[in-house]
Amino acid sequence: MIFALVAWALALAGSPAPIAGQGQATPLVVVPDRTGGYRPLLRIGPVLADSAFEAAVRSGMPIRLHLNVELWHDGFFDSLEGSRRLTTVVLYQPLEERFVVRTQASPAKSRRFSTFEAARAAVEGVYALPIRPVRSGRYYYTATLELETLSLSDLEELERWLEGELEPAVSGEGSVPG
């Protein structure tokens, strides 16, 4: 299951540009930080609020959040000036009865939480990314947030297994889930 959300903001305008989301809360907002050299401040809203996400994590499926931010120079032909990608994974360790949040920025530094709500609060927040305009002009940011509970390779392996193909798992080239 993959959900993609997109947000835009004009860096010099300074006003947030939310995307159309479900319900009242906005899933992703980009606001330029005027005090930080117009770096993007990304606010991730309640994207994991659905109880289905907690059920998926508790059943052993990690949730991956892929955040991609691009800085564009606004001109006759827009040009890409920089980009950053951040991946966060939320998973459940049943033996410890803890939820774990890992980010690509510091994979060795896992944060552990006793409740899904606490793990959610760690993921849904404000992120300041280290990209900013280096010269004068008009700029804007684009941001994409993808939520995935199963990767494409997981789905392909499951499909092959359901069709009766055991070779990738038996040969050691694939994993045997559960």
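Refer to the preceding data block for the structure.
Residues numbered from 1 in each chain as written. Predicted model: local features only at pLDDT ≥ 70, side-chain atom pairs only at ≥ 80, totals over all residues. Heavy atoms only, no water.

A.B. asks: Would you explain the overall build of the chain in this entry?
C.D. replies: For the chain, the count of helices and strands is four helices and nine strands. The N-to-C order of helical and strand elements in the chain reads β-β-β-α-β-β-β-β-α-β-β-α-α. Taking all contacts inside the chain whose residues are at least 6 apart in sequence as the whole, residues at least 24 apart take part in 54%. For the chain, the accessible surface area stands at approximately 10,500 Å², while carbon and sulfur atoms represent 55% of it. (Helix = DSSP H or I, 4+ residues; strand = E, 2+ residues; numbered from the N terminus. Contact = heavy atoms within 4.5 Å. Areas by Shrake-Rupley, 256 points an atom, 1.4 Å probe, with all protein chains shown as cover.)

A.B. asks: Any chance you could explain the packing of aromatic side chains here in plain terms?
C.D. replies: To describe a pair of aromatic rings, you give the distance between the ring centres and the angle between the ring planes. Summed over the entire model, instances satisfying the criterion amount to four aromatic pairs. With a centroid separation of 6.5 Å and an interplanar angle of 10°, the aromatic rings of Trp 72 and Tyr 140 are classed as stacked. Of the two residues, Trp 72 sits in strand β4 (residues 63-74) while Tyr 140 sits in strand β9 (residues 138-148), which places them 68 residues apart along the sequence. Since its relative accessible area comes to 21%, Trp 72 is described here as partly exposed. When its relative accessible area of 17% is taken as the criterion, Tyr 140 is described as buried. Aromatic pair Phe 76 and Phe 77: ring centres 4.8 Å apart, planes at 85°, arrangement edge-to-face. In this structure an aromatic cluster arises from ring pairing among Tyr 92, Phe 99 and Phe 116. Above the face of the Tyr 92 ring, Arg 58 is positioned so that its terminal group lies 5.2 Å from the ring centre. (Phe/Tyr/Trp six-rings, centres within 6.5 Å; stacked < 30°, edge-to-face > 60°. Buried < 20%, exposed > 50% of the residue type's maximum accessible area, 1.4 Å probe, protein only. Lys NZ or Arg CZ within 6 Å of the ring centre and 35° of its normal.)

A.B. asks: Would you explain the sheet that holds strand β8 (residues 126-128) in this entry?
C.D. replies: Hydrogen bonds between backbone atoms are what pair the strands of a sheet, whose relative direction is either parallel or antiparallel. Read across the open sheet, the three strands follow the order β2-β3-β8; overall the sheet is antiparallel. Two strands lie at the open edges of the sheet, namely β2 (28-33) and β8, each paired on one side alone. Between one strand axis and the next, the sheet turns through 25° on average, direction left out of account. Here strand β3 (residues 39-44) runs beside β8; their pairing, made up of three bridges, is antiparallel. Bridging from a neighbouring strand, Leu 42 pairs with Tyr 127 of β8. (Pairing = 2+ DSSP bridges. Axes fitted to C-alpha atoms, helices over the stretch in contact; angles between N-to-C directions.)

A.B. asks: I tried to follow the pattern of salt bridges on my own but got confused; where do I start?
C.D. replies: Once the charged atoms of two side chains with opposite charge are near each other, the side chains can pair. Summed over the entire model, instances satisfying the criterion amount to six salt bridges. When the shortest N-O distance is used, the salt bridge between Asp 33 and Arg 39 registers 3.1 Å. For Asp 33, a relative accessible area of 11% translates into the label buried. A residue is classified by how much of its surface remains accessible, and Arg 39, at 26% relative accessible area, is partly exposed. One salt bridge in this structure joins Glu 81 and Arg 135, with 3.0 Å as the shortest N-O distance. With Glu 81 in strand β5 (residues 79-93) and Arg 135 in the loop between β8 and β9, the pair connects residues that are 54 residues apart, well separated along the chain. Judged by relative accessible area, Glu 81 falls into the partly exposed class, the value being 32%. On the basis of relative accessible area, Arg 135 is assigned to the partly exposed category, the value being 45%. (Salt bridge = Lys/Arg side-chain N within 4 Å of Asp/Glu carboxyl O.)

A.B. asks: Whenever I open this one, the nonpolar core confuses me. Can you help?
C.D. replies: The nonpolar side chains of soluble globular proteins are, as a tendency, buried together. Leu 42, Leu 48, Leu 65, Leu 67 and Val 69 are the most contacted members of the largest nonpolar core, which has 30 residues in total. Contributing elements (two or more residues each) for this core: β2, β3, α1 (51-58), β4, β5, β6 (98-103), α2 (116-123) and β9. (Core = buried A, V, L, I, M, F, W, Y, C linked by side-chain atoms within 4.5 Å.)

A.B. asks: Could you clarify how one ought to interpret the pairing of β4 in this entry?
C.D. replies: Working note: regular strand, side chains alternate between the two faces of the sheet. Relative to β5, β4 runs antiparallel, the two sharing eleven bridges. The partner of Trp 72 across the bridge, within β5, is Leu 80. What sits between β4 and β5 in their antiparallel hairpin is a turn of four residues. Relative to β9, β4 runs antiparallel, the two being bridged by eleven bridges.

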